[in-house]
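Understanding the architecture of this molecule
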Amino acid sequence: SKPWDNKIKRLLAECPQDFMDWLIQGAQFTGNRSQEFKSISLDADVMHEAVLHGKRVMFHIEFQSGPDPTMAQRLLEYNVLAHRYYECPVYSCVIYLKKCSVVAQSPLVRVWPDGKEIVRFHFEVILLCEIPYEELMEMELPGLLPLVPLAQGGARRDVIEEIIDRLIQLGIKPE
């Protein structure tokens, strides 16, 4: 029912450090953690553990292929539950795989009726369609190569052939 989820989760399972190198420079991948939170039935796309500046942290990514007006709230819920469960800071990021009419805006701010701010939640928003494909290619991170066709200008035959060539040179058989 979620065709993007299985492929993206597989990609993240194969190359978690590449995504950390791209999105949170300096973090070192130290292992996968469950994306399922036991207190309520929520299932995040990706939850990885890392070490950043000598401290244990969690790295949370949601992949989005269509509009979801509740995305910012979902990110907050996952973030709070992960922080509670793993007892360390959690960095949340949503990566939009396609152009979307509704995109989450950071920070999510919750205000009490008297105007007092009660929650301010910052998260990363990545719009692949706005990133020139060359930027992803220049990073030379193999785990990002499958995302290149979704980046700006990346859905061209010559670009896809270059991706395939790079994967083959790395000994990775493209499916």
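The structure we're discussing is the one just above.
Per chain, residues are indexed from 1 in the order of the written sequence. With the structure being a predicted model, the display of local features is reserved for residues of pLDDT at least 70 and the display and counting of side-chain atom pairs for 80 or more, all residues being used for whole-chain, interface and lining totals. The side-chain numbers reported here are obtained from all heavy atoms of the structure, hydrogens and water having been left aside.

Notes on the side chain of aspartate 68
- Secondary-structure assignment places aspartate 68 in the loop between β5 (55–64) and α3 (71–86).
- Counting of polar contacts relies on pairs of N or O atoms within 3.5 Å, with two restrictions inside protein: one atom must be capable of donating a hydrogen and the other of accepting it, and residues adjacent in sequence are counted only when both atoms are side-chain atoms. Engagement of the side chain of aspartate 68 in a polar contact is seen with the side chain of threonine 70, the distance being 2.6 Å.
- A polar contact of 2.4 Å, which involves the side chain of aspartate 68, links it to the side chain of arginine 74.
- When checking whether two residues touch, look at their non-hydrogen atoms; a contact exists if any pair is within 4.5 Å. Setting aside anything within four residues of it in sequence, one finds aspartate 68 in contact with Arg74 and Val102. Each helix is a run of H or I in the DSSP string that is no shorter than four residues. Each strand is a run of E no shorter than two, and both are numbered from the N terminus.

A word on the nonpolar core
- Here, nonpolar core refers to any group of buried Ala, Val, Leu, Ile, Met, Phe, Trp, Tyr and Cys residues whose side-chain atoms link them within 4.5 Å. Remark: exposure states derive from per-residue accessible area (1.4 Å probe, protein chains only) relative to the maximum for the residue type, with buried under 20%, exposed over 50%, and partly exposed in between. In this structure, Phe19, Trp22, Ile61, Phe63, Ile95 and Leu147 are the most contacted members of the largest nonpolar core, which totals 33 residues.
- Elements with a contribution of two residues or more to this core: α1 (3–14), α2 (16–23), β4 (46–52), β5, β6 (90–96), α4 (133–138) and α5 (157–169).
- Look past the residues within four positions of leucine 147 in its chain and what remains in contact with it is Ile8, Leu11, Phe19, Trp22, Leu97, Leu128 and Leu136.
- Of all hydrophobic cores here, the second largest spans 11 residues; its members include Tyr96, Cys100, Leu108 and Phe121.

Considerations on the packing of aromatic side chains
- Stacked, tilted and edge-to-face are the three classes applied to pairs of Phe, Tyr and Trp rings, where Trp contributes its six-membered ring and a pair requires centres within 6.5 Å; stacked means planes under 30 degrees apart, edge-to-face means over 60, and tilted covers the rest. Scanning all chains against the criterion turns up five aromatic pairs.
- Both rings, one in phenylalanine 19 and one in phenylalanine 63, keep their centres 6.3 Å apart while their planes meet at 90°; by these two values the pair is edge-to-face. You can see phenylalanine 19 sitting in helix α2 and its partner phenylalanine 63 sitting in strand β5, a full 44 residues away along the chain. Each member of the pair, phenylalanine 19 as well as phenylalanine 63, carries the same accessibility label: buried.
- Considering the side-chain rings of tyrosine 85 and tyrosine 86, the 4.7 Å spacing of their centres and the 90° angle between planes classify their relative orientation as edge-to-face.
- Under the relative-accessibility criterion, tyrosine 86 is labelled buried at 8%.
- Aromatic rings pair up to connect Phe19, Trp22 and Phe63 into one cluster.

Here we look at the pattern of salt bridges
- In the sections that follow, a salt bridge refers to a side-chain nitrogen of Lys or Arg positioned within 4 Å of a carboxyl oxygen of Asp or Glu. For the structure on display, the rule yields eight salt bridges.
- Where glutamate 117 meets arginine 120, a salt bridge forms, and the shortest distance between an N and an O atom there is 2.7 Å.
- The class of glutamate 117 is partly exposed, set by a relative accessible area of 39%.
- A single network of salt bridges, built from pairs that share partners, joins Arg33, Glu49 and Arg56.

Some words on α1
- Here the expected span of a helix is defined as 1.5 Å times the quantity of residues minus one. The end-to-end C-alpha separation of α1 is 18 Å, in line with the 16 Å expected for 12 residues at 1.5 Å each.
- Residues of α1 that are buried include every one of Asp5, Ile8, Leu11 and Leu12, and no others. Down the axis, α1 shows its buried residues gathered within 135° of arc, on one side only. Pointing more than 90 degrees away from the buried face of α1 are the exposed residues Pro3, Asn6, Lys7 and Glu14.
- Elements that come into contact with the buried residues of α1 comprise α2, β4 and β5. Directions pointing from the helix axis toward each C-beta atom define the arc.

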